[in-house]
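# Reading the structure
Each chain is listed here by its residues.
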Amino acid sequence: MGKIILTADRPSGRLHLGHYIGSLLNRVDLQNQHKQYVMIADVQALTDNFDTPDKIRSSVYELAYDYLAVGIDPKKTTIFIQSQIPEIAELTIYFLNLVNLGRLERNPTVKAEIRQKNFGDVIPVGFLCYPISQSADIATFQAELIPVGEDQIPMIEQANEIVRRFNGIYNTDCLKESKPLLSKTPRLVGIDGQAKASKSLGNAIFLSDEPNVIKEKVFSMFTDPDHIRASDPGKVEGNVVFTYLDAFHPDKGEVEDLKAKYRRGGLGDTVVKGILNDVLQNLLTPIHEKRFSLKRDHIFDVLRTGINEAKLAAARTMVQVRTAMGVNYSDKE
Ligand code: ATP
Ligand code: MG
């Protein structure tokens, strides 16, 4: 049956439109032909949120609601929580030996995140090492395809380096390399015009936002600062409203017409924002309704079942890993 797919999200908040367009839509599609695991990466989220464990714990459940609301089907996809699979932590420890500090510090995504989080010189070792733990996530599940946003490409490159090193040193082929699967919008910009919409930056429209919050966010979006009167010619490049229309409007022809009119002059920001608001309300209303129809007990059941399934897969890989490394002691030797 198909390939093995693994993806994860950090429970550092609720899921947003960047997740939806960058990864969730692909997951909903992939679950029909492949064996898909979706992991709630609480251990990873704790690397830069270790002092707010309650936020991480509540976000674990929020993510599970978001998954089911967008159509990830727990009968097809195994949804589980990272911390509940200790094998991942075990493999992380072995992987730590295979990476040097300079390589970790060169990871462009980690570099950008360190700047963004204002760690200064006080970078938690756990945070710097999260790409190694993420490599262990992928390897534990023998994942071949990872539906992710663009920021994750350096992580998958690093994971593949580790797998090649592991297989070379321990003379095995038990671990598999993986490939990223990017969507047509691999990086959705923030509503403030920042390069990436992100939970941690608070510049995203969340899938569970109430209709009035969505509207407020759309109307606060960054547009062309020189487009003052509706009659002025406007720029669509770098204009967040048009970036979102490109990503979410079902009728691409209409978007092209709007762009032409905006460029010429004669189309006000309020009108375009109104159109985007309608598009997003139409997209998010069914997700909203589904989310609020879900029962908490069902969410617990889904996670319990997912964790049990994930444990079995992780145990299978770790038998191979321990055998390859010779750390499988038994009293028969
Ligand atoms: P945090 O700020 O805590 O890192 P995040 O918003 O970056 O949160 P993650 O949980 O780190 O979200 O990312 C989960 C998945 O969603 C990853 O595959 C990531 O590439 C993808 N993703 C996140 N934000 C975007 C975005 N703005 N556009 C496209 N894909 C995204
Ligand atoms: Mg992130």
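What follows concerns the side chain of Thr7. The topology assignment puts Thr7 in strand 1 (residues 4–9). For Thr7, the contacting residues outside a window of four places in its chain are Ser23, Arg27, Tyr37, Val38, Met39, Ile146 and Pro147.

Looking at the protein chain, the domain boundaries give domain 1 (4–188 + 296–325) and domain 2 (211–291). A separation of 33 Å is found between the C-alpha centroids of domain 1 and domain 2. Tallying the contact residues gives 13 residues for domain 1 and nine residues for domain 2. Together domain 1 and domain 2 conceal approximately 1000 Å² of surface at their shared face, both sides included; 69% is due to carbon and sulfur atoms. When residues of domain 1 are sorted by the area they lose upon contact with domain 2, Leu17, Ala69 and Leu188 head the list and together hold 49% of the total. Inspection of the domain 1/domain 2 interface yields two salt bridges.

Looking at ligand 1, there are 20 residues lining it, with Ser12, Asp151, Lys196, Lys199 and Ser200 nearest. Ser12 is positioned with one of its side-chain polar atoms (N or O) 2.5 Å from an oxygen atom of ligand 1. Coverage of ligand 1 by the protein amounts to 96% of the 600 Å² it exposes when considered alone. Judged by the proximity of its atoms to the pocket grid, ligand 1 belongs to the largest pocket. The biggest single contributor to the shell around ligand 1 is helix 1 (residues 17–30), with three residues. Class assignment for the residues of the shell around ligand 1 results in five nonpolar, nine polar and six charged.

Taken as a whole, the largest pocket holds about 1000 Å³ of empty space. Every residue lining the largest pocket is counted, 46 residues in all, and those nearest its centre are His19, Glu113, Asp151, Gln152 and Lys196. Secondary-structure elements contributing two or more residues to the lining of the largest pocket are strand 1, helix 1, helix 6 (108–116), helix 8 (130–140) and strand 4 (145–147). When the residues that make up the lining of the largest pocket are grouped by side-chain class, the tally is 18 nonpolar, 17 polar and 11 charged. Roughly 200 Å³ of internal volume is contained in the second largest pocket. Forming the walls of the second largest pocket are 15 residues, and the residues nearest its centre are Val43, Gln82, Ala89, Thr92 and Ser133.

A separate point is the packing of aromatic side chains. Two aromatic rings, taken as a pair, are described by how far apart their centres are and by the angle between their planes. Taken as a whole and judged by the stated rule, the model has 10 aromatic pairs. Ring plane angle 70° and centroid distance 6.1 Å describe the contact between Phe95 and Phe166, whose orientation is recorded as edge-to-face. One end of the pair, Phe95, is in helix 4 (residues 86–96); the other, Phe166, is in helix 9 (residues 153–169), and 71 residues separate them in sequence. You can call Phe166 buried: its relative accessible area is 0%. Measuring from centroid to centroid gives 5.9 Å for Tyr244 and Phe248, while their planes differ by 45°, and the two rings are tilted. On the criterion of helical spacing, the pair formed by Tyr244 and Phe248 is a turn pair, its members being four residues apart in helix 11 (residues 240–248). You'll find Tyr244 and Phe248 in the same group, each marked buried. Grouping aromatic residues by their ring pairs yields a cluster made of Tyr37, Phe80 and Phe141. Of note, Lys215 hangs over the ring of Phe219, and the distance from its end group to the ring centre comes to 6.0 Å. The aromatic ring of Tyr61 is capped on one face by Arg296, whose charged end is 4.9 Å from the ring centroid.

To characterise two packed helices, one gives the angle between the axes of the helices and the distance between these axes. One can describe the packing of helix 3 (residues 53–70) onto helix 14 (residues 296–325) by two numbers: an axis separation of 10 Å at closest approach and a directional angle of 95°. Taken together, the axes of helix 3 and helix 14 lie roughly perpendicular to each other. Mapping the contact onto sequence places Tyr61, Ala64, Tyr65 and Leu68 in helix 3 and Arg296, His298, Ile299, Phe300, Val302 and Leu303 in helix 14. Residues of the contact of helix 3 with helix 14, tallied by class, amount to eight nonpolar, one polar and one charged.

Its place among the elements puts Ile299 in helix 14. Placed 237 residues apart in sequence, Ile299 and Glu62 show a C-alpha to C-alpha distance of 9.7 Å. Not counting residues within four places of it along the chain, the set of residues in contact with Ile299 comprises Tyr61, Ala64, Tyr65, Leu68 and Leu294.

So, about the pairing of strand 1. By the bridge criterion, six bridges tie strand 1 to strand 2 (residues 35–40) in an arrangement that is parallel. Pairing of Ala8 across the sheet is with Met39, part of strand 2. Taken together, strand 1, helix 1 and strand 2 constitute a β-α-β crossover, and its handedness is right-handed.

Quick notes on the rules
Residues numbered from 1 in each chain as written. Chains lettered and ligands numbered in written order. Predicted model: local features only at pLDDT ≥ 70, side-chain atom pairs only at ≥ 80, totals over all residues. Heavy atoms only, no water. Helix = DSSP H or I, 4+ residues; strand = E, 2+ residues; numbered from the N terminus. Contact = heavy atoms within 4.5 Å. Domains from an automatic or database assignment. Buried area = accessible area lost by both parts, 1.4 Å probe. Salt bridge = Lys/Arg side-chain N within 4 Å of Asp/Glu carboxyl O. Near = heavy atom within 4 Å. Polar contact = N/O pair within 3.5 Å; in protein donor to acceptor, adjacent residues only side chain to side chain. Areas by Shrake-Rupley, 256 points an atom, 1.4 Å probe, with all protein chains shown as cover. 1 Å grid on protein atoms, 1.4 Å probe; cavity = no way out; pocket = protein on both sides within 12 Å on 5 of 7 lines; lining within 4 Å. Sits in = over half its atoms within 2 Å of the grid points. Nonpolar A, V, L, I, M, F, W, Y, C, P; charged D, E, K, R; others polar. Points joined across faces, edges and corners; volume = space filled by probe spheres on them. Phe/Tyr/Trp six-rings, centres within 6.5 Å; stacked < 30°, edge-to-face > 60°. Buried < 20%, exposed > 50% of the residue type's maximum accessible area, 1.4 Å probe, protein only. Lys NZ or Arg CZ within 6 Å of the ring centre and 35° of its normal. Axes fitted to C-alpha atoms, helices over the stretch in contact; angles between N-to-C directions. Parallel < 35°, antiparallel > 145°, perpendicular 65-115°, else oblique. Pairing = 2+ DSSP bridges. Right-handed = clockwise from strand over helix to strand, strands pointing away.

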